[in-house]
Amino acid sequence: MPAPNAAASLPDIAHYTHVPNRHWGRWLAVAIIILLIAGLARAFAVGQIEWDFVGRFFTAPAIMTGLYNTLWMTLGAMALGITLGVITAVMRMSPNPVLQGVAMGYTWLFRGTPVILQLLLWFNLALIFPRLGFGEFSVRTVDVMTPALAALLGLGINQGAYTSEVIRAGMLSVDTGQYEAAKAIGMTRLRALRRIIFPQAMRVVIPPLGNEFIGMVKLTSLASVIQFAEILHAAQNIYYANSRVIELLIVAAIWYLIIVSILTPLQMLLERRFARGAGGAR
Amino acid sequence: MSQSSTMPPATMPLVAIVDVRKKFGDFEALAGVSLDVRAGEVLCIIGASGSGKTTLLRCVNQLVTIDSGAIWVDGELTGWRIDGTKLHALPEKEVARQRLSTGMVFQRFNLFPHMTALENIIEGPVQVQKRNRAEAVREAEALLARVGLADKAGSYPANLSGGQQQRVAIARALAMKPKLMLFDEPTSALDPELVGEVLAAMKELAASGMTMIVVTHELGFAREVADRVVYMDRGAIVEQGPAAEVLGNPQEPRLRAFLSAVLS
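Report follows, based on the coordinates. Remember, predicted model here, so these are calculated numbers, not experimental data.

**A closer look at the overall build of chain A**
Along chain A, the regular secondary structure elements total 11 helices and 2 strands. The N-to-C order of helical and strand elements in chain A reads α-α-α-α-α-β-β-α-α-α-α-α-α. Whereas a compact globule of 282 residues would reach a radius of gyration of roughly 19 Å, chain A reaches 27 Å, over 25% beyond that. With the C-alpha coordinates of chain A rotated into their principal frame, the extents come out at 100 × 70 × 30 Å. The 282 residues of chain A split such that 36% are buried. If you sum the accessible surface of chain A, you get close to 16,900 Å²; carbon and sulfur atoms cover 69% of it. Counting 21 positive and 12 negative side-chain charges, chain A places the centres of these two groups 8 Å from one another.

Laid out in structure tokens, this is it:
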């Protein structure tokens, strides 16, 4: 039986125009924000900042070297961190209690102490072990443990402890049915991890890992305390000589912002790559 | 593989389950189950949830390790190597190799979501069995056609219906050329209108002579396809026999109660 047609007794609104909500609050907020930014810009423009110094030192050779060092140290420390993180996460999730214990101990030790302390320990390793190696094949620790190597080890090994937890969270996010299906087609645990679990875990892992990557760009500045010549160290060296403290700090800040601005879209590209097959996409 | 771990296949059923016991904590999932499955036989296991039927199935391909007893598949003792009077646990690689003789279809499909239907099917043949990729692709396409999904090779699981996903899962298991197929409630997670297409694929497989152990609630399928029906309750086999007898003329009161509950 068709429903009784109520429309006959209601006003005919079929031809009326729809008017969307006016977001007055948003316009007000934009106005306030623009005013604040203008005020801030003016303050910096008339403040005690010699902007032409910022321009002059922006691409100074020492700053360029620092930029180069910051970049490769970020990549190197993250590569080491991710490698150690994956190994540690796999150990932590293994059925072998010895491997589990080692993984937990590593995470505990390196998450439990400040990075700057770890950097100083690596840099001063010669105080504990004057020589490294065995008998004939040994070298003086001070010759080997350069600021760069100490920074790489300190930052990378510390990062591995954090990354392992990110990777582990990603592995835990994959349904146990996936492990079972992988086993059912004759895969061993490691092959299942590589072919089935990790590709799916990547989706979950990339956003926090991108976060860690961006964190590492800035964490490299801590290596300035052990004389590693990254951007901040270069900027400091210059302002020790010419006293343009704020100008050179602004130079360093702008470079950090540029690096991070380039990394963010890269992360989005990676996320899209690993979203294959997810939730009816494409 | 030591000599004593294998038996001449002619004298053995394809699957021999001997007094298998399994406890999860205090819960006795399997309380001494013995069961033989001949090559080419289609066996349906029915029973209420918690009766141990899924656990038994998962023991056969070692997704669950048994506490005691023995399971022989294709003449080979699963999970253990016999050495004199001792049983040594097999290393993971050997267990993985033994699983190759069985294919498994899961209740929740468990397709790999980051791979297309075709990639799901060739994953085992190419990565595990190290077979030629082009040949594996040809076989996968034939398998997809066999389950009626020739046009879905490039689809990701998320873009397939439950019934289509389960049929891809059947093709994925068949791609390993198993001697035995295990089905763990393959239609329980499906919308009612999709059950038929999966059962049709399973019927076709049964008709082709595949040995199948099917844990199911589909009594109609059991009646039509099964050579033998096994009813389990509280971790034990309570009644078994030809489908028509077990389902048509149940002897055990527990089975009668179960059947009337399922059919009502």
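Still more to cover.
**Digging into the environment of Arg133 of chain B**
For Arg133 of chain B, the location among the structural elements is in helix H4 (residues 133-146). In contact with Arg133 of chain B, other than residues within four places in its own chain, are Ile122 and Val126 of chain B.

**Re the interface of chain B and chain A**
Contacts between the two partners involve 27 residues from chain B and, on the opposite side, 25 residues from chain A. For the pairing of chain B and chain A, the buried interface totals around 2,300 Å² over both sides, and the portion due to carbon and sulfur atoms is 56%. Run the count over chain B and chain A and you get 2 salt bridges. Between Glu123 of chain B and Arg195 of chain A there is a salt bridge; the shortest N-O distance is 2.7 Å. Counting every contact that joins chain B to chain A gives 7 residue pairs in polar contact (both at pLDDT 80 or more). Elements supplying a minimum of two residues to the side of chain B that touches chain A: helix H2 (92-99), strand E8 (102-105) and helix H3 (117-128) of chain B.

**Quick notes on the pairing of strand E2 (residues 27-37) of chain B**
Residues and elements named next belong to chain B. When strand E1 (residues 15-24) meets E2, the two strands line up antiparallel, connected through 8 bridges. Opposite Val20, over in E2, you have Val33 as the bridge partner. A loop of 2 residues connects E1 with E2, the two strands running antiparallel in sequence, and Gly25 in this loop sits at a positive phi of about 65 degrees.

**Things to note about the packing of aromatic side chains**
All names here are of chain A. Applying the stated criterion to the full structure yields 6 aromatic pairs over all chains. A ring pair is formed by Phe53 and Phe57, whose centres lie 6.1 Å apart and whose planes are at 5 degrees; its orientation type is stacked. With Phe53 and Phe57 both in helix H2 (residues 51-58) and 4 residues apart, this pair spans about one turn of that helix. With respect to class, Phe53 is no different from Phe57; both count as buried. Ring geometry for Tyr239 versus Tyr240: centroids 5.4 Å apart, planes at 75 degrees, classification edge-to-face. Arg56 extends its terminal NZ or CZ atom over the ring of Phe53, reaching a point 4.5 Å from the ring centre.

**Looking at a nonpolar patch on the surface**
Taken together, Ile116, Leu117, Leu120, Leu121 and Val225 of chain A make up a surface patch of nonpolar side chains, about 390 Å² in accessible area. Considering the arrangement of structural elements, one finds Leu117 of chain A in helix H5 (residues 115-123).

**A look at the pattern of salt bridges**
Residues and elements named next belong to chain A. One pass over the full model with this rule turns up 22 salt bridges over all chains. A salt bridge links Asp143 to Arg140; the nearest nitrogen and oxygen atoms lie 3.1 Å apart. Taking relative accessible area as the criterion, Asp143 reaches 48% and is therefore assigned partly exposed. Relative accessible area serves as the criterion here: at 44%, Arg140 is assigned to the partly exposed category. Counted as one network, the salt bridges with shared partners bring together Arg92, Glu165 and Arg168.

**A few points about unusual backbone geometry**
Residue and element names in this part refer to chain B. Of note, the phi angle at Phe109 is positive, near 65 degrees, even though the residue is not glycine. Within the secondary structure layout, Phe109 lies in the loop between E8 and H3. Look at Glu185: it is not a glycine, yet its phi comes out positive at around 45 degrees.

**Remarks on the sheet that holds strand E5 (residues 76-77) of chain B**
All names here are of chain B. Across the sheet, which stays open at both edges, the 4 strands sit in the order E2-E1-E4-E5 with antiparallel pairing between neighbours. The outermost strands of the open sheet, each flanked by one partner alone, are E2 and E5. Pairing of strand E4 (residues 68-73) with E5, which is carried by 2 bridges, proceeds in the antiparallel orientation. Within E5, the residue paired with Trp72 across the bridge is Leu77.

**A look at the nonpolar core**
Residues Ile46, Ile170, Met181, Phe183, Met202, Met212 and Val229 of chain B are the most contacted members of the largest nonpolar core, which totals 55 residues. For this core, the element with the most residues is helix H6 (residues 192-207) of chain B, which contributes 8 residues. When near neighbours in sequence (up to four residues on either side) are disregarded, Ile170 of chain B contacts Val105, Met181, Phe183, Val198, Ala201, Met202 and Leu205 of chain B. Val166, Met187 and Leu193 of chain A together with Phe112 of chain B belong to the second largest nonpolar core, which has 50 residues in total.

**Looking at helix H9 (residues 253-263) of chain B**
Structural remark: α-helix, 3.6 residues per turn; residues separated by three or four positions point the same way. Residue and element names in this part refer to chain B. Listing the buried residues of H9 in full gives Leu255, Phe258 and Leu259. End-on view of H9: buried residues confined to an arc of 95 degrees, all on one side of the axis. Across H9 from its buried face, at more than 90 degrees, point the exposed residues Pro253 and Ala261. As for H9, its buried residues are in contact with strand E3 (42-46), helix H7 (219-225), strand E11 (228-233), strand E12 (236-241) and helix H8 (243-248).

**Some remarks on the sheet that holds E11 of chain B**
Two modes of strand pairing occur in sheets, parallel and antiparallel, and in both the strands are linked by backbone hydrogen bonds. All names here are of chain B. Judged by pairing direction, the sheet is mixed, and its 6 strands sit side by side in the order E8-E9-E10-E3-E11-E12 without closing on themselves. Looking at strand neighbours, the two that pair on one side only are E8 and E12, the edges of this open sheet. If you compare each strand with its neighbour and ignore which way they point, the axes differ by 20 degrees on average. Pairing of E3 with E11, which is carried by 4 bridges, proceeds in the parallel orientation.

**Overview of helix H4 (residues 97-111) of chain A**
All names here are of chain A. For H4, spanning 15 residues, the distance from its first C-alpha to its last is 21 Å, which sits close to the expected 21 Å at 1.5 Å a residue. For H4, every residue scored as buried is listed here: Ala103, Tyr106, Thr107 and Phe110. The arc that holds every buried residue of H4, seen down its axis, measures 95 degrees, which confines them to one face. Opposite the buried face of H4, at more than 90 degrees from it, the exposed residues are Pro97, Val98 and Trp108. The inward-facing, buried residues of H4 abut helix H3 (61-92), H5 and helix H7 (147-173).

Reading the values: the criteria
Residues numbered from 1 in each chain as written. Chains lettered and ligands numbered in written order. Predicted model: local features only at pLDDT ≥ 70, side-chain atom pairs only at ≥ 80, totals over all residues. Heavy atoms only, no water. Helix = DSSP H or I, 4+ residues; strand = E, 2+ residues; numbered from the N terminus. Rg over C-alpha atoms; globule rule 2.2 N^0.38 Å. Buried < 20%, exposed > 50% of the residue type's maximum accessible area, 1.4 Å probe, protein only. Areas by Shrake-Rupley, 256 points an atom, 1.4 Å probe, with all protein chains shown as cover. Lys, Arg positive; Asp, Glu negative; His and termini not counted. Charge placed at Lys NZ, Arg CZ, Asp CG, Glu CD. Contact = heavy atoms within 4.5 Å. Buried area = accessible area lost by both parts, 1.4 Å probe. Salt bridge = Lys/Arg side-chain N within 4 Å of Asp/Glu carboxyl O. Polar contact = N/O pair within 3.5 Å; in protein donor to acceptor, adjacent residues only side chain to side chain. Pairing = 2+ DSSP bridges. Phe/Tyr/Trp six-rings, centres within 6.5 Å; stacked < 30°, edge-to-face > 60°. Lys NZ or Arg CZ within 6 Å of the ring centre and 35° of its normal. Patch = residues over 30% accessible without salt bridge, like charges linked within 9 Å, V, L, I, M, F, W, Y side chains within 5 Å. Core = buried A, V, L, I, M, F, W, Y, C linked by side-chain atoms within 4.5 Å. Arc of directions from axis to C-beta. Axes fitted to C-alpha atoms, helices over the stretch in contact; angles between N-to-C directions. Expected span 1.5 Å × (residues − 1).

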